[in-house]
Structure formats: structure tokens, C-alpha cells
Amino acid sequence: MGIPVAYSTNKLTNQILTVKRNMSVKEFLDYLQDELIADIKYSKEQIIVSPHIPKYYTIHGVLRNVESGEHIIGATLQIVGTSVGTTSNGYGYYSITLKEGEYRVKFSHINYQQKEVQVSLYRNTYLDISVTPRITELEEVEVSSLSNDINLTENIPSINRISIAGADGQIPYLLGEVDVIQNALLKPGIRAIGEDASGIHVRGGGVDQNLTLLDEATIYNPNHFYGLISVFNPEAVNNVRIMKGYIPPSYGGRTSSIIEVRQKEGNANETHFSGGIGVISARALLEGPITKGKSSYLISGRQSLLNLSIDDFASNSVLRNRIRFQDLNVKLNFKYSKSSTYYLSGYLGNDRNLVGLNSTRNWGNRMLNFRWNYLFTPRLFSNISAFVSEYNYRIESTEAPGAFVGRSKIADYSTKINMTYTIDPNNELTFGISNIYHRLLPGTREPLDQNSNTNSIRLENEQGLESAAHIGHETSIGKLSLHYGFRASSLLTLGPGTVFKYENNTPTADSAIVDTVKFERYEVINTDINFEPRASFNYQLNQKTSIKASYTRTAQYLHLISNTISPAPTDIWKLSDQYIPPTTTNQYTLGLYKNLKDNTWELSSEVYYKDIDNNIQYKNGADLVFNENIETELLLSKARAYGLEIYAKKKIGRLKGWISYTLSRAESSILEFESERYVAENHDKTHDFSTSWSMELNERWSASANFVYNTGIPVTLPTDKYVFEGNLVPHFQFRNNARLPDYHRLDLSFKWEGKEFKKDGSRRKNRDYWTLTIYNVYARKNAYSYFFRESETNPAVAEVVKYSIFGTIIPAITYNFRI
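Residues numbered from 1 in each chain as written. Predicted model: local features only at pLDDT ≥ 70, side-chain atom pairs only at ≥ 80, totals over all residues. Heavy atoms only, no water.

Looking only at helices and strands, the protein has three helices and 56 strands in total. When the 819 residues of the protein are sorted by exposure, 53% land in the buried category. The long-range share in the protein, meaning contacts at least 24 apart out of those at least 6 apart in sequence, stands at 63%. When the accessible area of the protein is evaluated, it comes to approximately 36700 Å², of which 55% is carbon and sulfur surface. (Helix = DSSP H or I, 4+ residues; strand = E, 2+ residues; numbered from the N terminus. Buried < 20%, exposed > 50% of the residue type's maximum accessible area, 1.4 Å probe, protein only. Contact = heavy atoms within 4.5 Å. Areas by Shrake-Rupley, 256 points an atom, 1.4 Å probe, with all protein chains shown as cover.)

Attention now moves to the sheet that holds strand β10 (residues 112–121). The strand order across the open sheet formed by four strands is β7-β6-β9-β10, and the pairing between neighbours is antiparallel. Bordering the open sheet on either side are β7 (85–87) and β10, each of which pairs with just one other strand. Adjacent strand axes in the sheet meet at a mean angle of 20 degrees, parallel and antiparallel pairs treated alike. Pairing of strand β6 (residues 76–79) with strand β9 (residues 101–109) involves four bridges; the strand directions are antiparallel. (Pairing = 2+ DSSP bridges. Axes fitted to C-alpha atoms, helices over the stretch in contact; angles between N-to-C directions.)

Now for empty space enclosed by the protein. All told, the structure shown has nine cavities of 30 Å³ or more when counted by the stated rule. If you add up the space inside the largest cavity, you get close to 480 Å³. Lining the largest cavity are 30 residues, with Leu185, Ala192, Gly194, Arg745 and Tyr775 sitting closest to its centre. Within the residue set of the lining of the largest cavity, elements represented by two or more residues are α3 (180–184), β14 (190–191), β46 (687–696), β47 (701–710) and β52 (743–753). (1 Å grid on protein atoms, 1.4 Å probe; cavity = no way out; pocket = protein on both sides within 12 Å on 5 of 7 lines; lining within 4 Å. Points joined across faces, edges and corners; volume = space filled by probe spheres on them.)

This part covers the sheet that holds strand β21 (residues 257–263). Strand order in the open sheet formed by five strands is β13-β20-β21-β16-β17, with mixed pairing between adjacent strands. Two strands bound the open sheet, and with one partner strand each, they are β13 (159–162) and β17 (217–218). Across four bridges, β13 lies against strand β20 (residues 237–243) in antiparallel orientation. Bridge assignment links Ile159 to a residue of β20, and that residue is Met243.

Moving on, we come to a positive patch on the surface. Where like charges cluster on the molecular surface, the positive patch consists of Lys755, Lys758, Lys759 and Arg764. Mapped onto the secondary structure, Arg764 falls in the loop between β52 and β53 (767–775). What makes Arg764 partly exposed here is its relative accessible area of 36%. (Patch = residues over 30% accessible without salt bridge, like charges linked within 9 Å, V, L, I, M, F, W, Y side chains within 5 Å. Salt bridge = Lys/Arg side-chain N within 4 Å of Asp/Glu carboxyl O. Lys, Arg positive; Asp, Glu negative; His and termini not counted. Charge placed at Lys NZ, Arg CZ, Asp CG, Glu CD.)

With that out of the way, let us pick up a nonpolar patch on the surface. A surface patch of nonpolar side chains, amounting to about 830 Å² of accessible area, comprises Val279, Leu655, Met695, Leu697, Trp701, Phe750, Trp752, Trp770, Leu772 and Ile813. Every element with two or more residues in the nonpolar patch is listed here: β52 and β53. Relative to the assigned elements, Leu772 resides in strand β53. Assessed through its relative accessible area of 36%, Leu772 is described here as partly exposed.

On to the pattern of salt bridges, then. One pass over the structure, following the stated rule, counts 31 salt bridges. Where Asp327 meets Arg302, a salt bridge forms, and the shortest distance between an N and an O atom there is 2.8 Å. Of this pair, Asp327 sits in strand β26 (residues 321–337) while Arg302 sits in strand β24 (residues 295–304); the two residues are 25 residues apart in sequence, bridging distant segments of the chain. Taking the relative accessible area as the measure of exposure, Arg302 reaches 2% and is therefore buried. For Arg665, the salt bridge identified is with Asp684, shortest N-O distance 3.5 Å. Taken together, the residues Arg665 in strand β44 (residues 655–672) and Asp684 in the loop between β45 (675–680) and β46 connect sequence positions 19 residues apart. We classify Arg665 as partly exposed; its relative accessible area is 26%. By relative accessible area, which is 0% here, Asp684 ends up buried. Counted as one network, the salt bridges with shared partners bring together Arg640, Arg665, Glu667, Asp684 and Arg739.

Within the secondary structure, Ser604 is located in strand β42 (residues 601–618). In this view, Ser604 contacts Leu592, Tyr593, Glu645, Ile646 and Tyr647; residues no more than four positions away in its chain are not counted.

The subject of this paragraph is the pairing of strand β33 (residues 462–477). Regular strands have side chains that alternate between both faces of the sheet. As judged from the 14 bridges shared by strand β31 (residues 427–447) and β33, these two strands associate in the antiparallel manner. Looking at the pairing, Leu440 lines up with Glu462 of β33. In the sheet, β33 pairs with strand β34 (residues 480–494) via 15 bridges, with the strands oriented antiparallel. Its bridge partner lying in β34, Ile477 is registered against Leu480.

As a rule of thumb, non-glycine residues mostly have phi less than zero, and peptide bonds are mostly trans rather than cis. Here the bond from Gly495 into Pro496 is cis, since omega is 5 degrees, no more than 30 degrees from zero. In this structure, Pro496 sits in the loop between β34 and β35 (497–502). A positive phi angle is found at Arg203, which is not glycine, with a value near 50 degrees. Note on placement: Arg203 falls in the loop between β15 (201–202) and β16 (210–214). Backbone geometry places Asn599, a non-glycine residue, at a positive phi of 65 degrees.

Below, the discussion takes up the packing of aromatic side chains. Each aromatic ring pair is described using two quantities: the centre-to-centre distance and the angle formed by the ring planes. This structure, assessed with the given rule, holds 20 aromatic pairs. Judged by centre distance (5.9 Å) and plane angle (70 degrees), the rings of Tyr94 and Phe107 are edge-to-face. Of this pair, Tyr94 sits in strand β8 (residues 93–99) while Phe107 is found in strand β9, placing the two residues 13 residues apart along the sequence. Each member of the pair, Tyr94 together with Phe107, is buried. Ring geometry for Tyr775 and Phe806: centres 5.8 Å apart, planes at 80 degrees, overall edge-to-face. Of this pair, Tyr775 sits in strand β53 while Phe806 sits in the loop between β55 (798–804) and β56 (810–818), and the two are 31 residues apart along the sequence. Site record: aromatic cluster; members linked through ring pairs are Tyr336, Tyr342, Phe370, Trp372, Tyr374 and Phe376. Taking the ring centre of Tyr343 as reference, the NZ or CZ of Arg371 above it sits at 4.1 Å. (Phe/Tyr/Trp six-rings, centres within 6.5 Å; stacked < 30°, edge-to-face > 60°. Lys NZ or Arg CZ within 6 Å of the ring centre and 35° of its normal.)

What follows deals with the environment of His559. With respect to the helices, strands and loops of the structure, His559 is situated in strand β39 (residues 558–561). For His559 and Ile572, which are 13 residues apart along the polypeptide, the C-alpha to C-alpha distance reads 8.5 Å. Residue contacts for His559: discarding those within four places in its chain leaves Asp208, Ile572, Trp573, Lys574, Leu575, Ser576, Ile580, Pro581, Pro582, Thr583 and Ile616. Engagement of the side chain of His559 in a polar contact is seen with the side chain of Ser576, the distance being 2.8 Å. (Polar contact = N/O pair within 3.5 Å; in protein donor to acceptor, adjacent residues only side chain to side chain.)

Further remarks concern the environment of Phe537. With respect to the helices and strands, the residue Phe537 is situated in strand β37 (residues 524–542). Phe537 sits in the partly exposed class, given a relative accessible area of 31%. In sequence terms Phe537 and Asn155 are 382 residues apart; their C-alpha atoms lie 6.0 Å from each other.

Residue placement: Thr360 occurs in strand β28 (residues 359–377). Relative accessible area serves as the criterion here: at 17%, Thr360 is assigned to the buried category. With residues near it in sequence (within four places) discarded, Thr360 still touches Arg352, Asn353, Leu354, Arg394, Ile395 and Glu396.

Turning our attention to the confidence of the model for the protein. It should be kept in mind that the predicted coordinates are not to be read in detail where pLDDT is low. Per-residue confidence for the protein averages 85 on the pLDDT scale, and 88% of its residues sit at or above 70. Ignoring residues within four places in sequence, the model shows residues 1–17, a span with pLDDT below 50, making 28 contacts including any to other chains. Taken together, the stretch residues 315–319 has pLDDT below 50 and engages in 11 contacts with residues farther than four places along the chain or on a different chain. (pLDDT = per-residue confidence, 0-100.)

Given below as C-alpha cells:
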């Protein structure tokens, strides 16, 4: 029978409840309370039913590696028996808000053992969780900790992650040097001009359009040894994330990608010493606790062993010059309380290049960053940082009579505040502000001594304040997840400075200057403002398949001025001004992601389109050296890039690896012979294929292989020739009207582990291994460029000569250890 129970509230409505005839009063009241989720009060005269308003509390804390104390990034937290969950953020912090009650929380990711914890949630609960690394068959621990289906569940598409301590560290590397940038070049959409080329191009962007961050501080030149090795010492690297599609609103300042490198924090529980030595460098790392479980330190260094020359490994077409390099990484962290942790990290790098007998070049990065993680409330997390970053260049020539010293420098002084507010398990708000004061010293040249006939030149310094504010919202509605927001950015170009006025306000040539305007210190010379909306969505079709799409608008106020195929350490940076507006990019992506065989295989297919405004090009014969009117040598173009990326990765098993393929086009619209047309960019490669695999042969031996194939880059060849004053002169009519031959290469490596157990059967505390690498196995002489010369047998005929960097097999052996 039905007994009507009436009550008035804006949340509960009248209901008819079915009650058994012989139900006791207590059973009846309990039944009411369970069915209505209501509070029941009763007396002999009446029953009062009022809605129960549940209280919500937050579970929050940090996920750590039980052995080292390192924070675990991107781990999954799941409420057992529900679909509710979250992930730890980029600092290892997590927060989830639930109704009061009893819960079991499961922590999981592919490289650590699962752990379940019972939580009685009747107040806000701080819960630090330490989990044990999962051991592979070779007892090798992968430090990068991610859930095994994060590629399906995260909202951000187009991310590549690199774990140097895991499978990414086992592939063949040039000269045996495990390297972040070399690894990235095997991923879709990321490429370099060729061997011996500084910088990388991401989805058709220029090398200066990548924001490279080391512990959140900018690194302007991430290259050693002519671009063959990056500045990131593998001993000190924890994890790497490359965002090339959707860029969250908290990042800005570049238009192509974010390359985010995080250093290890240092072992907070035990002291360890590790390192390695190879044919090119020696490296070492010392880490340990300052106060066990509370604070730690990390010191890491790397030094080249010999006066290295690329000629030692290359074909005869490369001129001999020699180089040395070194790195120093330092990091301290202090856990002041559950709510407050301080970090101090630094980097110092330097290259010294001897060119011939009379010229020496020095360049390098340096960085110091202070960071503070603070919990204002269980739901409000903050990351506050301040850093100084510099890039310096110096050249000294002792060749008489024009001996000189030249210098250039760029320095950033920055503060950032980023906040994350967790509203509930399905909604998270991020917001913050940032300021960067840029100080550029484009170049000086002074006589080396009193006998030099070199004139003194000093280009005018530049100053600018780049500011930004951002807000973003991440939400989930059923199978649909959204991440959207916007970034407002600006650049104030500041005095002191001199601005030249040109005829028709167009900087065509020095002769077009009609006036000069002087600005005092801190006076605003020019203002640029940009609004950068961004949005991404992820629709999960089922547990193994998802569709992602995104739109990102970005603005860039800082430009690398270089008209060479590959940027050189001597190239200068230039702030946007009234003649060089910010470069802006709109990027659209759409992708299908799928996992197979219990997440053993990870598959993705993604298309993208980018339109780029105010892309910098150069006039024919542009003079960029010590030019105080650099704007007269530049052209502003409209560029576009589009392509298809396919990626397949096997993550689990004795055989691990991936296959990557990119079909793409990158081109710029330029004015030639009074007509405008799209021309392939210097870095355009139609087809780009790479594959890398590692195989565990037994408990002590493993083997790896890479194969790379791509279309040759565009080159400009003469369309005809003529004789002038007895000299044969080629005539170049169109830019990038031909291509180099296709590039391909095979690399192999073999790894031999030291003994794991002693004679008495106990496990060795110290571990070591040897690696043999063979780069360019079949000695392919890939063309880097062409140059032209008169034929030695017939001076009237010009011949094309192929310029190759590597023309032989390059073997290398390295030894690595951990104590």
C-alpha cells in the first residue's frame, strides 16, 4: 500500500513511498531516511521530514616515490566503485572533493605498483601517499609516472612525453649521448633541418617559435656541439613534455610549441651517486637528503673530454674547428610544512669554439629559479616563481691587423603566479599572471688592443616588459571533457631608445629615413596587445577510444634574426616594435586516439592546420651583421602549415618501441617579381618517417634500433647562368625551387647490464651497464646542402658539390653506473 508523506522544500518534492504493512515505526523511519536521503524527526503527534544537506570535504596531498621522495606527475586517483577520479598535477599534488562518507581511494600508473587507501572523509583530509616503483624484468625503474591510458583521458591533445630513465633512454643516440632533443626528433611533427643543425621545427614553425623551459625558466639556446647535443644533462632530467597542438592558457610567448624539461628534485631519503663516461663527455650526479624526508639536494655536472671537432666524425667537406662544452645543474628543495614547499634550481652551461688558429667563440646559458608551492586551502593550490635567465655570446679574433672582441646578450627577469582551484571532481579553475622584463644587448665590437684597426661599434640596447594574465576552466560532462580559457598578453617596448621614421612609414632602406625620435629611460616607445582564446575537447567514445579537437591562438613578441639554414650562436634576438609586429598563429587540430590489448598499444592519428601572420623573412642579400636599422632588411609574410601525423607505440613487454609518420607542408607567401605566391619553407619535409625499437634479449643483454627516412629539404638552384667580366655567375630566379636528395639512416645499439647478484645470492646495491652505439650503420652520405664551383677540368662549366656532415659509420661506447 502507498503511504503519502508530504514535505515542503525547494529540493524535495512530494513522493509516494511503498511500505510493507507490518513495518515497525523504526523500520519505517529508517526506510524514509534512506529513500529520501532526508533527516527524520518524529513525536507521537507528527513526523517531520526535512532534506538532508550533505557536507563536502576534500582529500588532498602529494604522491611520492617511496624510494627517492620524488613527486609523481600525472598519476590517476580513482574512487573505488565509482567513475569519480582525478590526476596529480605537474607538481605531484592532487585534490578531490567528495560528499562526507567512507571511501577507498586507488592510486595507479603504469610504472608504480597500485595502492588502495581507506579514507573516512568527515573533515578535510591531507594524505601524502608513497608508492613503490614497478620493477621490470631487467629491474629497471622508469621515473616518469603516468597512468597507462592518459593519452585517452587527458584533455590536451598533441603531447609527446619523454622519459630518459625509461624506454626513451635505451634507443641509439649519436655518440652514445642520451639526449632529449635527439629523442624528440623521432616523434611526429618534430624535425630538424639536418645533421649539425641547431634548433628544431615543430609543425612548420621556426626554431625561435619554441619556448624551451628548464624548471620553468627560459633557455634561449638549448644546443651544444654544433646542435648535435642538447644542454640537458640526462643525469639531471626527470621528465620532458612537448606541447605542440593545444597550449594551455598558462603558457605563452611562443607560437609553435612548449618544450618543458623538469629536473629531478634530489633523493630525500638516501644519498646516491651516478654518472657515466663516453667518447664525447663525462657526467656525474650527486643527490641526497639534507634533512631526511624534508629536504634534499642535487648537484650534476657534465664536461666534454677532448677538443672535439665534427671533422673527427664527418666527411672531408666539413672544415675543421674544435669545441669544448660543460654543464652544471643544482637543485635544492625544502618541505617547510604540509602546505608549503620551496625549490631553488640553477643551471650554468658554456661552449668554447676554436675556429682555425686566431678566433675563439664562447656562448652559454645560465639560469636561477626560485619556486614556492603553497596550499592556501585544500582546494586552492599555488605555484609562485621568480627567475633570471641569460644567454651570452663572445667572440675574440687575434688576427692582425683587425683584432677585435665582440659581445651580445639577452637577459630575462621574470615573476609568475599560477593558481589552481578545484571546485569539485569535474571542475577545475586555473588562473594567474606573469611578467618578464627583457633586456637585449644586440652587439658590441671593440678593438682587441691598441694596434688593431677595427672600429668600435655598439648597437643600441633594447628593453621591454612582457605581461600576461590567463584563466582556464577544465570540466567533464559525462564522456565529454573540456579545457578552455584565454590569455591576454602585451609588450611595452621601453626607452632609452632611438626610433627612425621612414617615408610612408615603411622601412624600405636606410635612404628612406626622414626623421629620428629619441626616447628617455622607461618611456614607452611602442605597445602591442593580443587576446589569445584557446579551447580543447575530448570525447571518449569508449574505454579504449577518444576523439580530441582543439583551437589555439598564440602571440610571440621576441624574434631570432637569422637568415642562415641553421641558426648560429651569433644570431641576435629582436623585440617587436612599430615596424616588426608580433607573430601570431591560429592552430586547429582534430585527432583520433585508441589503445589496444589492455593499453599495451597506443595509437593516434591527428590532422592540424596553422595560419601564421607576420612571419619574418629576409630580403635577398640581407645584411644583418651590426645593422642598427635591421627592420630595413626584413620582410613580413603570411605563412601556413598543415599535415597528418600517425603514431603507434608499444609500451609493455620485452619488445617496446614506436612508429611515427608525418605528411606535411610548411610554406610562406612572399612577393617575387611583383607577384605573391607560396614558397616552401627551408625546413619543409613532405614525408617524415621514423621508428625506434628496444628488445630485451635476456636478463643482461638488450638491443635497440632506429630507422629514419624523410624527404630532402628545399634548396634554391640557379635557373641559368651568365658570364660577367670573365666570371661565371649563376642566376637564381625563385627561392626553394628544388630539393636535396631524400634522407635516410639506420642506427643500432647494444646494452650489457652488470651482474645483479653477488656470489652469495644477495642483490648488489650498485648497478652499472655498458652501451655500444653504431650511428649511420650503412655509412650513408646524406646531403646537408649544395654548393657550386667551377669545374676543375672545365672552368666554363659549373658543378654542384654535395655538402655532407657525416660520411661514415660512427661507433661509440659509454659506461654508466649508479651507487
